[in-house]
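Listed below, chain by chain, are the residues.
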Amino acid sequence: MVKRALVTGVTGQDGSYLAELLLAKGYEVHGVVRRASTFNTSRVDHLYVDPHEEDARFFLHYGDLTDGTRLATLLSKLHPDEVYNLGAQSHVRVSFDEPEHTGDATGMGTIRLLEAIRQVGLDCRYYQASSSEMFGATPPPQDESTPFYPRSPYGAAKVYAYWVTRNYREAYGMHATNGILFNHESPRRGETFVTRKVTRAVARIQAGLDDHVYLGNLDAVRDWGYAPEYVEGMWRMLQQDEPDDYVLATGVPCSVRDWVSTAFDHVGLDWEKYVRFDERYLRPTEVDALIGDAGKAERAVGWKTEVTPDQLVRIMVDADVKALEHEGRPWIDAVSLPSWPSAHLAS
Ligand code: NAP
Ligand code: G4F
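Since this is a predicted model, take the numbers as computed values, not measurements.

Q: Just to check I follow, could you spell out the nonpolar core for this structure?
A: As a rule of thumb, nonpolar side chains are buried together in soluble globular proteins. One finds Leu22, Phe58, Tyr84 and Tyr127 to be the most contacted residues of the largest nonpolar core, which totals 44 residues. No other element matches helix α7 (residues 227–238), which puts 7 residues into this core.

Q: In this structure, what is going on with the packing of helix α2 (residues 68–78) against helix α4 (residues 99–120)? I would like to understand it.
A: For any two helices packed against each other, the geometry comes down to the angle between their axes and how far apart the axes lie. With their axes 9 Å apart at the nearest point, α2 and α4 run at an angle of 45 degrees to one another. Judged by the angle between their axes, α2 and α4 are oblique. Note on packing geometry: the crossing formed by α2 with α4 is right-handed. Of the residues in α4, those in contact with Gly68, Leu71, Ala72, Leu75 and Ser76 of α2 are Arg112, Leu113, Ala116, Ile117 and Val120. When the residues that make up the contact of α2 with α4 are grouped by side-chain class, the tally is 7 nonpolar, 2 polar and 1 charged.

Q: What's the story with the side chain of Gln89 in this structure? I'm lost.
A: Take Gln89: it is sitting in the loop between β4 (82–85) and α3 (92–97). A distance of 2.9 Å separates a polar side-chain atom of Gln89 from the backbone nitrogen of His91. A polar side-chain atom of Gln89 sits 3.1 Å from a polar atom in the side chain of Thr102. Ignoring anything within four residues of it in the chain, the contact list for Gln89 reads Val94, Ser95, His101, Thr102, Ala105, Thr106 and Tyr154.

Q: Before we go on, may I ask you to explain the packing of aromatic side chains in this structure?
A: Given two aromatic rings, their pairing is described by the distance between the two centres and the angle made by the two planes. According to the stated counting rule, one finds 9 aromatic pairs in the structure shown. Ring plane angle 45 degrees and centroid distance 5.5 Å describe the contact between Phe135 and Phe148, whose orientation is recorded as tilted. Placement of Phe135 in the loop between β5 (125–131) and α5 (153–172) and of Phe148 in the loop between β5 and α5 is noted, with a sequence separation of 13 residues between them. Taking the relative accessible area as the measure of exposure, Phe148 reaches 22% and is therefore partly exposed. Between the aromatic rings of Phe264 and Tyr274, the centroid separation amounts to 5.8 Å while the plane-to-plane angle is 5 degrees, which identifies the pairing as stacked. Of this pair, Phe264 sits in helix α8 (residues 256–266) while Tyr274 sits in the loop between α8 and β13 (275–277), placing them 10 residues apart in sequence. Note on accessibility: Phe264 and Tyr274 belong to one class, buried. Members of the aromatic cluster, connected to one another through ring pairs, are Phe135, Phe148, Tyr162, Trp163 and Phe182. Lying across the ring of Tyr172, Arg118 places its NZ or CZ 4.4 Å from the centre.

Analysis parameters
Residues numbered from 1 in each chain as written. Chains lettered and ligands numbered in written order. Predicted model: local features only at pLDDT ≥ 70, side-chain atom pairs only at ≥ 80, totals over all residues. Heavy atoms only, no water. Core = buried A, V, L, I, M, F, W, Y, C linked by side-chain atoms within 4.5 Å. Buried < 20%, exposed > 50% of the residue type's maximum accessible area, 1.4 Å probe, protein only. Helix = DSSP H or I, 4+ residues; strand = E, 2+ residues; numbered from the N terminus. Axes fitted to C-alpha atoms, helices over the stretch in contact; angles between N-to-C directions. Parallel < 35°, antiparallel > 145°, perpendicular 65-115°, else oblique. Left-handed = near helix turned anticlockwise from the far one by under 90°. Contact = heavy atoms within 4.5 Å. Nonpolar A, V, L, I, M, F, W, Y, C, P; charged D, E, K, R; others polar. Polar contact = N/O pair within 3.5 Å; in protein donor to acceptor, adjacent residues only side chain to side chain. Phe/Tyr/Trp six-rings, centres within 6.5 Å; stacked < 30°, edge-to-face > 60°. Lys NZ or Arg CZ within 6 Å of the ring centre and 35° of its normal.

This is how it looks when you write it as C-alpha cells:
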C-alpha cells in the first residue's frame, strides 16, 4: 500500500524538503497551499508532475490553517496516513507586528487541524512543528524537560500548539508527536531570517550589487542545523510505534556575529566594512541563547546531525553566489524548469 501524507506549509523551506523526502520514500504527497495573488510555489515547482499522469504522486490543494472547515474537507477527502503540520506565521520579529494573526495561524491553526482529524474520525499519525523558540528565556542547554518561557507572540503560540498536541494525544489517544526543532537553515531559507539575509548579502556585495547590509542584535546565540537533516528527523519520529516529543538540534552554539564573520570570510571580505546596525531589527524581547540537546532523538529514533555550522555557512553562501547566476533559484540545478500552471492546484 502506498502511504499518503498531508503537509501544511508545503511551500515553505521545511515543507519542500519534506515533500521531496516523502516522494523519494514512495509516498503520495498532498500539500496545502494558501491562495495568493502571485505564484507562491517556487520551492516545490521542481516536484511538479502533471496530475493527469498516471505516475503523479504530488498534489497541491488550496487551504489555510485559519479555515477549519476546509481542513476537515481535505482530511475527509484524502484520508492521509500521516499529517505534518508545518504551516505557520514563522517569523519571530513579524509576530510582534502581527500578534493576533500569528496566534490565529500558528496557535489556533494547530487545534483546528487536530480537531478536524478528530471530527473526521481519522486514524492517522500527526507531526507538530514545535520550536526551540518556546524555551525563550530559559538558559541552555535545552532539552525535552526544559521549562518553556516564550519571549514572543510566536513563541507563545507555539507553546499553545505544543500543549494541544500533547492534550489530543492524552485525551483521545491520537498518535500526535511534537518535534521541538532548533533553528535549521538551507539555501531555501526565507530571505528575512538572519542566516539567509547574511549569505544573500555576502553574495550581492561580492558581486558589486550592494555596499552593505543592516542587521540588529549580533550577540544572540543560536544552534543552526541543516534543514534536510531535520525533515528526516520529522519522518523518523512518525515511524515510532508510540507518539512522543523530541528535540532536534546540533548542540553547537554560534553567535550571529560568528555567522556573519564566517560568511564574509568565505568570500575573502572583512565583515566589519559592510555590516551596519539598524534598531528596526531588534525585538522588544530577545531570546539570547538557544543550544539544544538532541540526545533523546539520537537514542530513540537514531537521528543525528552531520553538517556543522561552518559547513552550513559555506553551503548557503555558495548557493547564493550561484543563485545570482540563475535568477534566485539556488536549489534547482540549472536545467529547464517545468511550468506550474495554477490550474493544477486541485480545488
Ligand atoms: P517557512 O519557510 O516560513 O514556511 C511556513 C509555511 O507555512 C509556508 O508554506 C507558508 O505559506 C505556510 N503558512 C503560513 N501561514 C499559513 C496559514 N495561515 N495557513 C496555511 N499555511 C500557512 O517556515 P519553515 O522554516 O519551513 O518552518 C516550518 C515549520 O517549522 C513552521 O511551523 C515553523 O514555525 C517551524 N519551525 C521552524 C524552524 C526553523 O528553524 N526553520 C525551527 C523550529 C520550528 P506561504 O509560502 O504561502 O507563506
Ligand atoms: O533568523 P531569525 O529571525 O530566527 P529566530 O528568531 O531564531 O527564529 C527562527 O528559529 C526558531 C527556532 O528557534 C523558529 F521557530 C522560527 O520559526 C524561526 O525559524 O533570528 C535569529 C537571531 C535573533 O536573535 C535576531 O534578533 O538573529 C538576530 N538578528 C540580528 N539581526 C536578526 C537580524 N534576525 C533577523 N531576522 N534579521 C536581522 O536583521
